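The lines below spell out each chain.
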Amino acid sequence: MIIPPRKLASSQDVTPETLFWNRRRLIRAAAAAGLVPLAERAQADALRLAGKANFAGDEELTPWKTVTGYNNFYEFGTGKEDPAERSAQFRPLPWTLTIDGEVHKPQTVDVGALLARPLEQRIYRFRCVEAWSMVVPWDGLPLRDLLKRAEPTAHARYVAFETVLRPEEMPGQRTGILDWPYREGLRLDEAMHELTFLALGVYGKPLPNQNGAPIRLVVPWKYGFKSIKSIVRIRLVREQPPTTWNMRAPREYGFYANVNPDVDHPRWSQKTERRLGDFFRRPTLPFNGYAEQVAGLYKGMDLRKQF
Ligand SMILES: Nc1nc2c(c(=O)[nH]1)N[C@H]1C(S)=C(S)[C@@H](COP(=O)(O)O)O[C@H]1N2
Ligand SMILES: [Mo]
């Protein structure tokens, strides 16, 4: 995400990202020359073969180092390397997640206990609104499994999510850069969709703090900011809930935030993206490549207006 002030006016060529890609190219060149082993590639291939449900076709996995070293998590700072560097003191366990609001059976979920159960493994494409993307092997469970337990009432139409508020452990929350706690929302049918996933792990390990430990959302057909991290509360509600980035800059970040190459961000094009690790950009696909599965949710809507 990008904060409106002019400092980062051109998002696609900010220096840290450029350096990052150059470093990846160097590593690859060194590997090709036989100077370093292709350990990252080998790890990715091993996981691909391990039988994860693959929702990314034959696309190469983004290496662990990138997935856990290049993050957006403003609670720990606005730089891409801040979350990995500044989250060590965060304590993700014990953790309880509340599910309440328009439900017949409010739930208090012990996330530690969830982690102890066998998890479903899925590989998803992930795309940030700033036009970079990754392919990530997550471990977790479909959100609908938890929502069904709570039995939504007939009045429930939306789902509101909230991140933990812990300024003592999250330096970003001691600043006014966003209106804390971070909030997100989905329509109930989006939340109940088969692809909508609560991640508890990545690359077969519990989530590192920088990726949203101990539990975060993954909505693969939407821009990354919808995938809220370190969730403590899920509330079923009647009206569309307020969401952090929509409140911060409503012209730039809509409630739906479906990946859409035809709707530009007011300050940059959304037509192409750069897969982290690649040199060339690639065309962005509608719904991040998941149109066949999810386009039906939006039948009859004008997606230019409801962006
Ligand atoms: N609580 C919280 N959740 C968040 C964010 C954040 O700043 N705070 N950033 C979002 C954005 S903009 C993106 S792109 C993804 C990044 O997820 P990743 O770091 O695991 O790739 O997290 C999303 N979830
Ligand atoms: Mo993002």
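What counts, and at which threshold
Residues numbered from 1 in each chain as written. Chains lettered and ligands numbered in written order. Predicted model: local features only at pLDDT ≥ 70, side-chain atom pairs only at ≥ 80, totals over all residues. Heavy atoms only, no water. Helix = DSSP H or I, 4+ residues; strand = E, 2+ residues; numbered from the N terminus. Contact = heavy atoms within 4.5 Å. Areas by Shrake-Rupley, 256 points an atom, 1.4 Å probe, with all protein chains shown as cover. 1 Å grid on protein atoms, 1.4 Å probe; cavity = no way out; pocket = protein on both sides within 12 Å on 5 of 7 lines; lining within 4 Å. Points joined across faces, edges and corners; volume = space filled by probe spheres on them. Nonpolar A, V, L, I, M, F, W, Y, C, P; charged D, E, K, R; others polar. Core = buried A, V, L, I, M, F, W, Y, C linked by side-chain atoms within 4.5 Å. Buried < 20%, exposed > 50% of the residue type's maximum accessible area, 1.4 Å probe, protein only. Phe/Tyr/Trp six-rings, centres within 6.5 Å; stacked < 30°, edge-to-face > 60°. pLDDT = per-residue confidence, 0-100. Pairing = 2+ DSSP bridges. Axes fitted to C-alpha atoms, helices over the stretch in contact; angles between N-to-C directions. Salt bridge = Lys/Arg side-chain N within 4 Å of Asp/Glu carboxyl O.

*Asks:* Where do I start with the overall build of the chain in this structure?
*Replies:* Within the chain, the regular secondary structure consists of 9 helices and 13 strands. Long-range contacts, defined as pairs at least 24 residues apart, comprise 72% of the intrachain contacts of the chain with a sequence gap of at least 6. Element-wise, carbon and sulfur atoms account for 55% of the exposed surface of the chain, whose accessible area totals about 13,600 Å².

*Asks:* I keep staring at empty space enclosed by the protein and nothing clicks. Help me out?
*Replies:* Empty space among the atoms can be located by rolling a probe the size of a water molecule over them. This structure, assessed with the given rule, holds 1 cavity of 30 Å³ or more. The calculated volume of the largest cavity comes to roughly 310 Å³. Lining of the largest cavity is provided by 24 residues; of these, N72, F126, R216, G224 and K229 occupy positions nearest its centre. Of the residues assigned to the lining of the largest cavity, the class counts are 15 nonpolar, 6 polar and 3 charged.

*Asks:* Whenever I open this one, the nonpolar core confuses me. Can you help?
*Replies:* Membership of the largest hydrophobic core comes to 79 residues, with the highest contact counts inside it found for W138, F161, L217, W221, I234 and L236. In terms of residue count, the dominant contributor to this core is strand β5 (residues 132-142) (6 residues). When near neighbours in sequence (up to four residues on either side) are disregarded, W138 contacts K52, E120, Q121, R122, Y124, F197, A199, G201, V202, L207, R216 and V218.

*Asks:* Any chance you could explain the packing of aromatic side chains here in plain terms?
*Replies:* In total, this model carries 16 aromatic pairs according to the counting rule given. Their ring planes at 80° and their centres at 5.2 Å tell us that Y70 and W132 sit as a pair that is edge-to-face. Here Y70 is found in the loop between α3 (64-67) and α4 (82-86), whereas its partner W132 is found in strand β5, with 62 residues between them in sequence. W132 matches Y70 in its accessibility class, with the two residues each being buried. Through a chain of ring-to-ring contacts, three or more aromatic side chains come together here, namely Y158, F255, Y256, F287 and Y298.

*Asks:* Just to check I follow, could you spell out the confidence of the model for the chain for this structure?
*Replies:* It should be kept in mind that the predicted coordinates are not to be read in detail where pLDDT is low. When pLDDT is averaged along the chain, the result is 90, and 84% of the positions lie at 70 or above. For residues 4-24, every residue scores under 50 in pLDDT, and the model assigns this stretch 35 contacts once sequence neighbours within four places are set aside.

*Asks:* What is the right way to look at the pairing of strand β2 (residues 96-101) in this model?
*Replies:* By the bridge criterion, 4 bridges tie β2 to strand β3 (residues 107-110) in an arrangement that is antiparallel. Among the inter-strand pairings, T98 is bridged to a residue of β3, identified as T108. Between the antiparallel neighbours β2 and β3 lie 5 residues. In this sheet, strand β11 (residues 231-237) lies alongside β2 in parallel orientation, the contact comprising 4 bridges. The partner of D100 across the bridge, within β11, is R235.

*Asks:* Hey, could you run me through the sheet that holds β11 in this one?
*Replies:* Within a sheet, neighbouring strands are paired by backbone hydrogen bonds and run either parallel or antiparallel to one another. An order of β3-β2-β11-β6-β7 is seen for the 5 strands of this open sheet, with the pairing classed as mixed. Only two strands of the sheet have a single neighbouring strand rather than two, namely β3 and β7 (183-187). Strand after strand, the sheet turns through a mean of 15° between neighbouring axes, direction not considered.

*Asks:* Is there a simple way to think about unusual backbone geometry in this case?
*Replies:* In terms of backbone geometry, most residues other than glycine have negative phi values and most peptide bonds are trans. A cis amide bond links W180 to the next residue, P181, at an omega of -5°. When you line up the elements, P181 lands in the loop between β6 (158-163) and β7. Positive phi outside glycine occurs at A131, with the angle close to 75°. Turning to its location among the elements, A131 is positioned in the loop between β4 (120-127) and β5. Backbone geometry at S230 places phi at a positive 45°, although glycine is not the residue there. Structurally, S230 is set in the loop between β10 (216-218) and β11. Judged by relative accessible area, which is 0%, S230 ranks as buried.

*Asks:* So what exactly am I meant to see when it comes to the pattern of salt bridges here?
*Replies:* One side chain can pair with another of opposite charge once the charged atoms of both are near each other. Overall, the coordinates contain 22 salt bridges when judged by the stated rule. Note that R233 and D100 form a salt bridge whose closest N and O atoms lie 2.9 Å from each other. Note that R233 is positioned in strand β11 and D100 in strand β2, a separation of 133 residues in sequence. On the accessibility criterion, R233 (28% relative accessible area) is partly exposed. For D100, a relative accessible area of 16% corresponds to the buried category. Linking E273 and R127 is a salt bridge whose minimum nitrogen-to-oxygen distance equals 3.2 Å. Highlighted residues: E273 in strand β12 (residues 272-275) and R127 in strand β4, separated in sequence by 146 residues. Of the two residues, E273 and R127, both sit in the buried class. Here the residues in one salt-bridge network are E59, R125, R127, E273, R275, D278 and R282, joined through shared partners.

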